[in-house]
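# Close look at the chain arrangement
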There are 2 protein chains.
Amino acid sequence: MLELYHAEPVANSVKVLICLKEKQLEFVSHYVNLLLGEQHEPGYLAINPNGIVPTLIHDGNTITESSIINEYLDETFPTPPLRPASPVERARMRTWTKYVDDYFGPAASRIGWHFLLHPIASRWTAQERERRLSRIPMQDRREKWATVAGRSFSPEQLSEARAQVAEGVRRMESFLQRDGWIAGGAFSLADIAGYCVAPGLARLAPDLVNEQTTPKLLSWLRAMNERPAVRAALAMPNKVPETLQALGLGGTLPAPVKTRSDT
Amino acid sequence: MLELYHAEPVANSVKVLICLKEKQLEFVSHYVNLLLGEQHEPGYLAINPNGIVPTLIHDGNTITESSIINEYLDETFPTPPLRPASPVERARMRTWTKYVDDYFGPAASRIGWHFLLHPIASRWTAQERERRLSRIPMQDRREKWATVAGRSFSPEQLSEARAQVAEGVRRMESFLQRDGWIAGGAFSLADIAGYCVAPGLARLAPDLVNEQTTPKLLSWLRAMNERPAVRAALAMPNKVPETLQALGLGGTLPAPVKTRSDT
């Protein structure tokens, strides 16, 4: 019996959803609404004391951290294999998934938080802000929420994040040019990790991702979008639009703040 | 043919050295003197463009990041196995090695940088500071070096780091109480990762690590110190004392700055 606690099919949640769908595994889905802070409520903290998604529960064992969950799924349900067979390519896969976890993902996430969560969190009353921040267990996340509940990231911080996204895009394009897939000649967990950042970039950063600069990344993205598992993952619930509507933020999101590299 | 670029046998360097010694693998050792900034010199950057140690080269393939190197070594040279056989315990092992990489290690490292590198870097001339910082490729490392070259971390930042070390110690003690080793009933890469932070704590933070509070951690540490592979790793070159001497910092290091949790 598999249960997954996850949010909408983007970022770290889509990473595990694609892996489950590639392996055609049945699982009980529990949607955690991050915009409403459900990941910090006592019920969820009893499941994952770090207050982050996704969390996998398999036969009573709790596995956290999306990259670790995906290796666990590949070891436990080896068909189809989603890790390269050779140790060198596996190391490449892990170097990339770690880079996505440590740099590429957080940089994209900083920009996402600014545009999606700052409009929500900045409207909290002082009392609500205090209450919400106090129950966030991880210090780095608490600081990130405090930032978007306040003035959000500075133009310099957003510009830095953008530079890191640009670096991630450059690396991805060079790996794809070399081998066709991110960690070798076959689709792997490295591609799934890349997909938790890449889909929005052509729209959000057309100067970084376009047919001239990143032809391989775009053809890879088209191939990814055609995979039945990716389609099935993207068809999972997404409550972001209705939540924004309910919060009175249903119109267009605020216009992007200019960052240094935009000007 | 195996070659390892590494520093003295502590932190991420000792992690890979212990793994190589457990597997009784022959390797060519290249010492990189971090106190002199050799990791940022062009020769080393050609080997590892991120300018961090350790780096493994095996039959022409370059593998970076200590946790990834150790999984690579265990996949390539499976005897003796250093990862648990069960996927659940492997996931525990990876959760711990990731936690050491992301939180426990960096927190201990912040304190180490303050006491070891701030005395060195704060004596650089403005010109030398500029030259040294400009060649550091990773932004987060560049900022860390700029901090220790300036006023170093604030008492609040050191206090935060100390609280994170305390949390790591609590986790380690609870895992050891449960199973005897960090990720289950047998020695694994998780224990090797713990050893890259734990050895200095009884001396540096006797209020956190002592016979009353952390009996399991201390008996685990004694067992670790008796392993032939650990002894062999610790016998590898350590140029820190002679480098400090050469820099005119051979005496006692500056007295610890009081942090909030000390007062």
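Up top is the structure these notes are about.
Residues numbered from 1 in each chain as written. Chains lettered and ligands numbered in written order. Predicted model: local features only at pLDDT ≥ 70, side-chain atom pairs only at ≥ 80, totals over all residues. Heavy atoms only, no water.

L73, W96, F104, M172 and W220 of chain A are the most contacted members of the largest nonpolar core, which totals 58 residues. Broken down by element, this core gets its largest block of residues, seven residues, from helix α4 (residues 87-121) of chain A. When residues no more than four places from it in sequence are discounted, the contact partners of L73 of chain A are L2, V16, C19, L20, K23, L25 and L56 of chain A. Core analysis: the second largest hydrophobic core is formed by 55 residues, M93, A107, I192 and C196 of chain B among them. (Core = buried A, V, L, I, M, F, W, Y, C linked by side-chain atoms within 4.5 Å. Buried < 20%, exposed > 50% of the residue type's maximum accessible area, 1.4 Å probe, protein only. Helix = DSSP H or I, 4+ residues; strand = E, 2+ residues; numbered from the N terminus. Contact = heavy atoms within 4.5 Å.)

This brings us to the packing of helix α4 (residues 87-121) of chain B against helix α7 (residues 155-179) of chain B. Running from N to C, α4 of chain B and α7 of chain B point in directions that differ by 145°, and their axes come no closer than 9 Å. The two elements α4 of chain B and α7 of chain B cross, and the hand of that crossing is left-handed. (Axes fitted to C-alpha atoms, helices over the stretch in contact; angles between N-to-C directions. Left-handed = near helix turned anticlockwise from the far one by under 90°.)

Before going further, it helps to spend a moment on unusual backbone geometry. That bond from V53 of chain A to P54 of chain A is cis: its omega, 0°, falls within 30 degrees of zero. Positionally, P54 of chain A belongs in the loop between α2 (42-45) and β3 (55-58). Here the amide bond leading from T79 of chain B into P80 of chain B is cis, since omega sits at -15°, within 30 degrees of zero. Mapped onto the fold, P80 of chain B is located in the loop between α3 (66-76) and α4. Of note, D59 of chain B is a non-glycine position whose phi angle comes to about 50°, a positive value. Looking at the element boundaries, D59 of chain B is found in the loop between β3 (55-58) and β4 (61-64). In this model, E65 of chain B sits at a positive phi of 75°, which is unusual for a non-glycine residue. Its location among the elements puts E65 of chain B in the loop between β4 and α3.

With that settled, consider the pattern of salt bridges. Between side chains of opposite charge, a pair can form as their charged atoms come close. Residues and elements named next belong to chain B. As enumerated under the stated definition, the model contains 38 salt bridges over all chains in all. Notably, a salt bridge pairs K23 with D74, separated by 2.7 Å at the nearest N-O pair. Of the two residues, K23 is situated in the loop between α1 (11-22) and β2 (28-31) and D74 in helix α3; the sequence distance between them amounts to 51 residues. Since its relative accessible area comes to 6%, K23 is described here as buried. When its relative accessible area of 6% is taken as the criterion, D74 is described as buried. Among the salt bridges present, the one from E167 reaches R171, with a minimum N-O distance of 2.9 Å. Separated by four residues within a single helix, E167 and R171 lie in helix α7, roughly one turn from each other. (Salt bridge = Lys/Arg side-chain N within 4 Å of Asp/Glu carboxyl O.)

Overlay of chain B on chain A (RMSD 0.0 Å): rotation 180°, translation along the axis 0.0 Å. Here the symmetry operator amounts to a two-fold rotation axis. The rotation axis passes nearest to the C-alpha of D102 of chain B in chain B, at a distance of 4.2 Å. Of all interface residues in chain B, 96% are interface residues in chain A too; the two copies therefore contact each other through one and the same surface. (Least-squares fit on C-alpha atoms with pLDDT ≥ 70 in both.)

A few words on the sheet that holds strand β1 (residues 2-6) of chain A. Residue and element names in this part refer to chain A. If you walk across this open sheet you meet the four strands as β2-β1-β3-β4, and the pairing is mixed. With one partner strand each, in any of the chains shown, β2 (28-31) and β4 (61-64) form the two edges of the open sheet. Taken over all neighbouring pairs, the strand axes of this sheet differ in orientation by 20° on average, direction set aside. Inspection of the sheet shows β3 paired to β4 by four bridges, in the antiparallel sense. Counted as the bridge partner of L56 is I63 from β4. (Pairing = 2+ DSSP bridges.)

On to the side chain of R94 of chain B. Looking at the element boundaries, R94 of chain B is found in helix α4. If near-sequence neighbours (up to four positions away) are discounted, R94 of chain B is found in contact with I68, E71, E75, R83 and R94 of chain A together with E71 and R83 of chain B.

Contact with chain B, which involves 28 residues of that partner, is made by 27 residues of chain A. Counting the surface lost from both chain B and chain A, the interface buries some 2300 Å², and carbon and sulfur atoms represent 53% of this. At the boundary of chain B with chain A, the tally comes to six salt bridges. Of the charged contacts in the structure, one is a salt bridge between E75 of chain A and R90 of chain B, with a shortest N-O distance of 3.3 Å. If you look at where chain B meets chain A, you find nine residue pairs in polar contact (both at pLDDT 80 or more). For the side of chain B that touches chain A, the leading source of residues is α4 of chain B, giving ten residues. Class assignment for the residues of the side of chain B that touches chain A results in eight nonpolar, seven polar and 13 charged. (Buried area = accessible area lost by both parts, 1.4 Å probe. Polar contact = N/O pair within 3.5 Å; in protein donor to acceptor, adjacent residues only side chain to side chain. Nonpolar A, V, L, I, M, F, W, Y, C, P; charged D, E, K, R; others polar.)

Residues and elements named next belong to chain B. Throughout the structure, instances matching the rule amount to three cavities of 30 Å³ or more. Top contributing element to the lining of the largest cavity by residue count: α4, with six residues. Class assignment for the residues of the lining of the largest cavity results in seven nonpolar, six polar and twelve charged. Counted as a void, the second largest cavity has a volume near 40 Å³. Surrounding the second largest cavity, L35, G37, H40, W124, R132, R135, I136 and W145 form its lining. By residue class, the composition of the lining of the second largest cavity is four nonpolar, two polar and two charged. (1 Å grid on protein atoms, 1.4 Å probe; cavity = no way out; pocket = protein on both sides within 12 Å on 5 of 7 lines; lining within 4 Å. Points joined across faces, edges and corners; volume = space filled by probe spheres on them.)

So, about the packing of aromatic side chains. Using the criterion set out here, one finds 20 aromatic pairs over all chains in the structure. The side chain of R171 of chain A reaches across the aromatic face of Y99 of chain A, ending 4.1 Å from its centre. Against the face of W113 of chain B rests K144 of chain B, its NZ or CZ located 4.3 Å from the ring centre. (Phe/Tyr/Trp six-rings, centres within 6.5 Å; stacked < 30°, edge-to-face > 60°. Lys NZ or Arg CZ within 6 Å of the ring centre and 35° of its normal.)

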